[in-house]
Amino acid sequence: MSLRNIGHRLYQGEVSFDFVGKRKIWYSLSGLIVAVAAIGLAMGLHLGIEFKGGSVYTVHKPDLTISQAKDIANKITNSTTPVVQKTDKGDIRIQVSAENSISSATFTKELSQDIGVQEKDINAQVIGPSWGDEISKKALLGLVIFMVLVTAYLAIAFEWRMALAALVALIHDLLITIGVYALVGFEVTPGTVIGFLTILGYSLYDTVVVFDTVKENTKGITKQSKRTYSEAANLGLNQTLVRSINTTVVALLPVSALLFIGGGILGAGTLNDISLALFIGLAAGAYSSICVATPLLAQLKEQQPEMKALAKKVALRRASDAKAAAEAAERGETPDGEDFEDEDLPTGMVGQRTQPVSRSRAKGRPSGKR
Amino acid sequence: MATPKSRPRDGYPGRALALILVVTVGLVALMFGTGYKKPRLGIDLAGGTSVTLTAKSDDPSAINKSNMDIAVGIIQKRVNGMGVSEAEVQTQGSSNIIVNIPDGGDSQASVEKVGETAKLYFRPVLALAPTGVTPSPNTAATPSGSAAPSGSASPKATGSAAPSTPATAASPSASASKAGRAVSGALMADPSSSASAPAGSAAPSAPASAAPSAPSAADMTAALTQGTVPADLQQQFASLDCSVPAQRQNYQKSNDPNAATVACSYDAESGVWYKFALGGVAVNGQDVAKAQAAYDTQNGTGWQVLLNFTDAGSKAFADTTGKLAAQPQPANQFAIVLDGKVVSHPYVQSAISGGSAQISGSFSQEDAKALANVLSFGALPLDFVQSDVTTVSPQLGGEQLQAGLVAGLIGMALVVVYSLIYYRGLGLVSIAGLVVSAILTYAIMSLLGAGIGFALNLPAVCGAIVAIGITADSFIVYFERIRDEVREGAPLKAAVQRAWPRARRTILVSDFVSFLCAAVLYLVSVGKVQGFAFTLGLTTLLDVVVIFLFTKPMITLLARTKFFASGHPWSGLDPKRLGARPPIRGGRRRSATAKEA
């Protein structure tokens, strides 16, 4: 099966996607998406009743079912956001977000007509947010503390460049998710915020898994002269690519089921809100770990003097190797050597075809700085 | 399968598997044994109880937005102290607060306590007297009985309204127990108080015979009052009859904490209401830094509430107890007044400087916990009355949960299919791992619903579905590592062992980041964010547990089977399919491995 083979070929470096080298493409792509998301954000988020409060209408009408009341409330507000509850005393309680900007007099009037009760029997009151400022403030404080701690942790466990790159990827994911959310125009509910937070955890988790491989791949990198940091990082990315894809697929499958099947059956609703946030966030998280965090890390690392020196060494070695390889190829031999470079050479296994491309590309940009 | 003992090199997978089996079965058995078979669902999914609290104040301007917001914040913490109950608190209109509490758990206790103002004061006792006593034969028998019960009562130390007279027979035992408590720096309820206390108190101040023959409150007061009622309170004190429910009000003047006041207290043991004349506020409840419920096993007083004061509170408390200790009965007593009611009135023998105190008052466990809860989170700036308690339907239609579950199941099925196609035999392990993880999560959530009021709302359900991805990721990381090793030509058994340390590090580092996120958010935030953090932390921990105790040992065991070890095409570990180097390339592979390590 080709899928299986690709896993193998990726691992051996026979098939290699140049994520790190093509960073400009990724950066531009991300920049574009983030810009669009920022426009969305600038347009503003629709905050739900839980954040802004609104009005609550209470009417005593035992024979009115919740779904009837919900339909009527949706119709009056021309949205899907009213929250309808029934009490054991036969009261129907309809909460309408302040976002709907429908005056309580209008709502009361229309409601009374639709359900056939007197206007004076509808009790309208202002309702405050259930997700108050304090919850938001403390959540924000928690996030800031977490960011500081996780940056410190990553800086110690890995290094500060990785911490920085991971942080950038995280902000990238959150911006995209919130931006798309704003663009779609869904109402932000506590469920959505929880979705955003889930993404925050997931995005970092995914980046850390990728960085772990990169770190392993670049251990003692200055002691050899076969590949630059960028190339080693790219190899690490490719080696863990199958993992990344599998993980993303496994995480996205249930969420897409929620979004497309669950949301599809019901139309708009809380379920749809949350699963959309999760879907975009998970996808962005997987993308940013590979295409934003790692290239950025490589870029930062290549600024180090020792990595610059390494890049020079690699370039020199490449030049001589290329010569040798060309000669060997003429003799029809495979220079079966002991180093990494040789693994990239045709070995009689699958995937030869792709090798010359990647090699020549590597030679063309030995320093990884484009 | 080989026995674990014969294979020390790959550990003892049997033991780990047995452990997780025992834990899983134990949790499920506990779940069925306790009858909490379902997780408690949040307001959005299952509805709950809705309490309407209406603010009341003598000063109408006090009912303003900022006070209401403060009240919302405090009530929020009271109903959601652990942050996992998913209760909702919001203002409605200008003077109402709506509290929505999901059903199940201890929602009943929450409903009762939620609107309590929880203004706590420590006031010196000036005078006290029983009210509305219909003398019983028990009280009639007092003069002889007072000494004996008071001695035996010392372990009870209830908050009973007990005008305690140090009966000579009782004092040795009483002071002995006092001394012991004084060491702990704790303020104890009067040890000599007991069911027979009213009669005991009658002894010094009035003929014992007066007790049974005094039917009216006024007479009782005159006959049984202990201590000196200040002149300006005398009339109020005399006319107060705490046995009449309407008179059990909060008589404290909020604007003048130093004014003396009267208050009521109920002695559960004798079933008698007492009235008190109390001095000005000595220590304010705001100086309580922390309160917690504890069971007192030493003195057998049952449930009590332990208080820790702030620095200022400690000082005030030490000063006052020092002054009180020198006073005669009953002025050496301290009344702990909660919302105008005397909860407990222990006496003091010497200054207590430890910065802590305890309130005991024949509490049930729920009472003690609820009181500790309201004291911990402070007093409400306004008084509230419950104007309505009603059951409300779910905020979301039942179809949301149903669709979510259906979609979740479909998603799970897709994950299963994908794992099987991609990982074949190994896919079965990951599915089994997910099942174990799902059972553990479900059982723990069900039990926590009863234990700490954990409630599951729709976002949490979605979060749990995302957790499938994170749990599966740990398997995938490990499987890919094993396959890498197999690709490099290692035999399966060795590959499983060699891949483990590397996979383990990746899993631990990434799970640590998730857990850090959960822990910080849980500690810092409140409300729904806290609930989210709890769920995230729980699933992250379970991920580590499952990979360590289930996946790794399971793979180790499977690696011993012929099916996997020989790399059967359906095992998912077929070296040929993975494109492992033929043995002839072994030399080269080794060097590459060495470099990568």
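Given the structure is predicted, the values throughout are model-derived calculations rather than measurements.

Chemist: Any chance you could break down the overall build of chain A for me, citing the residues and the numbers?
Modeler: The helix and strand inventory of chain A stands at 14 helices and six strands. Residues counted as buried form 52% of the 370 residues belonging to chain A. Taking all contacts inside chain A whose residues are at least 6 apart in sequence as the whole, residues at least 24 apart take part in 76%.

Chemist: Could you give an account of the overall build of chain B, naming the residues involved and the relevant values?
Modeler: Helix and strand content of chain B: 22 helices and 16 strands. Here chain B holds 597 residues, and the buried ones make up 54% of them.

Chemist: Requested: an account of the domain arrangement of chain A, with residues and values cited.
Modeler: The domain architecture assigned to chain A consists of domain 1 (2–46 + 132–306) and domain 2 (54–127). The C-alpha centroid of domain 2 of chain A is placed 42 Å from the C-alpha centroid of domain 1 of chain A.

Chemist: Explain the interface of chain B and chain A to me, using residue names and the numbers behind them.
Modeler: Facing 71 residues of chain B, the contacting portion of chain A comprises 74 residues. Among the elements that make up the side of chain B that touches chain A, the one with the highest residue count is helix 17 (residues 458–487) of chain B (16 residues).

Chemist: An account of the UniProt feature "transmembrane region" (unreviewed entry) in chain A is needed here, citing residue identities and associated values.
Modeler: Those residues carrying the UniProt feature "transmembrane region" (unreviewed entry) are residues 25–49, 139–156, 163–186, 192–214, 249–268 and 274–298 of chain A in this numbering. With 80% helix and 8% strand, the stretch residues 25–49 of chain A has end C-alpha atoms that lie 41 Å from each other.

Chemist: Now, about the pairing of strand 11 (residues 302–309) of chain B: what can you tell me, with residues and values included?
Modeler: Within a regular strand, the side chains alternate between the two sheet faces. All names here are of chain B. Across eight bridges, the pairing between strand 10 (residues 288–296) and strand 11 is antiparallel. Within the sheet, the bridge partner assigned to Asp 296 lies in strand 11 and is Gly 302. In textbook terms, the turn of a hairpin is the stretch between consecutive antiparallel strands, and for strand 10 and strand 11 this stretch comprises five residues, one of which, Gly 300, has a positive phi near 65°.

Chemist: I'd love a proper account of the environment of Ser203(A), names of residues and values included.
Modeler: Residue and element names in this part refer to chain A. Structurally, Ser 203 is set in helix 8 (residues 190–217). Note on Ser 203: 27 C-beta atoms within 10 Å, which makes it buried. On a C-alpha basis, the gap between Ser 203 and Ala 286 in space is 7.1 Å, while along the polypeptide they are 83 residues apart. Setting aside its immediate chain neighbours within four residues, Ser 203 contacts Ala 169, Leu 170, Asp 173, Gly 285 and Ser 288.

Chemist: An account of helix 18 (residues 492–524) of chain B is needed here, citing residue identities and associated values.
Modeler: In an α-helix, one turn spans 3.6 residues, which is why side chains three or four residues apart end up on the same side. The end-to-end C-alpha separation of helix 18 of chain B is 46 Å, in line with the 48 Å expected for 33 residues at 1.5 Å each. The largest bend in helix 18 of chain B amounts to roughly 35° and is located at Trp500(B), with the proline Pro501(B) lying one to four residues further along.

Chemist: Quick one: what's the story with the pairing of strand 2 (residues 54–60) of chain A, residue by residue and with numbers?
Modeler: Residue and element names in this part refer to chain A. Within strand 2, five of the seven residues are buried, which leaves it mostly tucked inside the rest of the structure. In terms of strand pairing, strand 2 meets strand 4 (residues 91–97) through seven bridges, oriented antiparallel. Residue pairing across strands places Val 59 opposite Ile 92, the latter belonging to strand 4.

Chemist: Outline helix 19 (residues 527–559) of chain B, listing residues and values.
Modeler: Residues and elements named next belong to chain B. In a regular helix each residue adds 1.5 Å, so 33 residues correspond to 48 Å; helix 19 covers 47 Å between its end C-alpha atoms and thus fits that length. Ile 547 marks the point of greatest bend in helix 19, at about 35°. Judged by how many residues are buried, helix 19 sits mostly within the fold: 27 of 33 residues are covered.

Chemist: Any details on the confidence of the model for chain A? Residues and values, ideally.
Modeler: Residue and element names in this part refer to chain A. Per-residue confidence for chain A gives a mean pLDDT of 78, with 84% of residues at or over 70. Here helix 14 (residues 355–364) is the element of chain A with the lowest mean pLDDT, 42, and helix 7 (residues 160–184) is the one with the highest, 88. The model gives residues 337–370 a pLDDT under 50, and that stretch makes 62 contacts with residues more than four places away or in other chains.

Calculation notes
Throughout, residues of each chain are indexed from 1 in the direction in which the sequence is written. To label them, take the chains in the order written and letter them from A, then take the ligands in the order written and number them from 1. At least 70 in pLDDT is required for a residue's local features to be given in this predicted model, at least 80 for side-chain atom pairs to be given and counted, and no such filter applies to totals for whole chains, interfaces and linings, which use all residues. Secondary structure follows DSSP: runs of H or I at least 4 residues long count as helices, runs of E at least 2 residues long count as strands, and numbering of each begins at the N terminus. In this scheme the burial state of a residue depends on its C-beta neighbours within 10 Å: 20 or more other such atoms mean buried, 12 or fewer mean exposed, and anything in between means partly exposed; the C-beta positions come from the backbone. Here, residues touch in the contact sense if the C-beta positions derived from the backbone fall within 7 Å of one another. Segmentation into domains, and thus their bounds, comes from an automatic or database assignment. UniProt positions are given in the numbering used here, feature names are shortened, and annotations may be inferred rather than shown by experiment. Strand pairing requires that DSSP identify at least two bridges connecting the strands. By this rule, a helix spans an expected 1.5 Å times one less than how many residues it contains. What the bend at a residue measures is the angle between two axes, fitted to the seven residues ending there and to the seven starting there. The score called pLDDT rates the predictor's confidence residue by residue, from a low of 0 to a high of 100.

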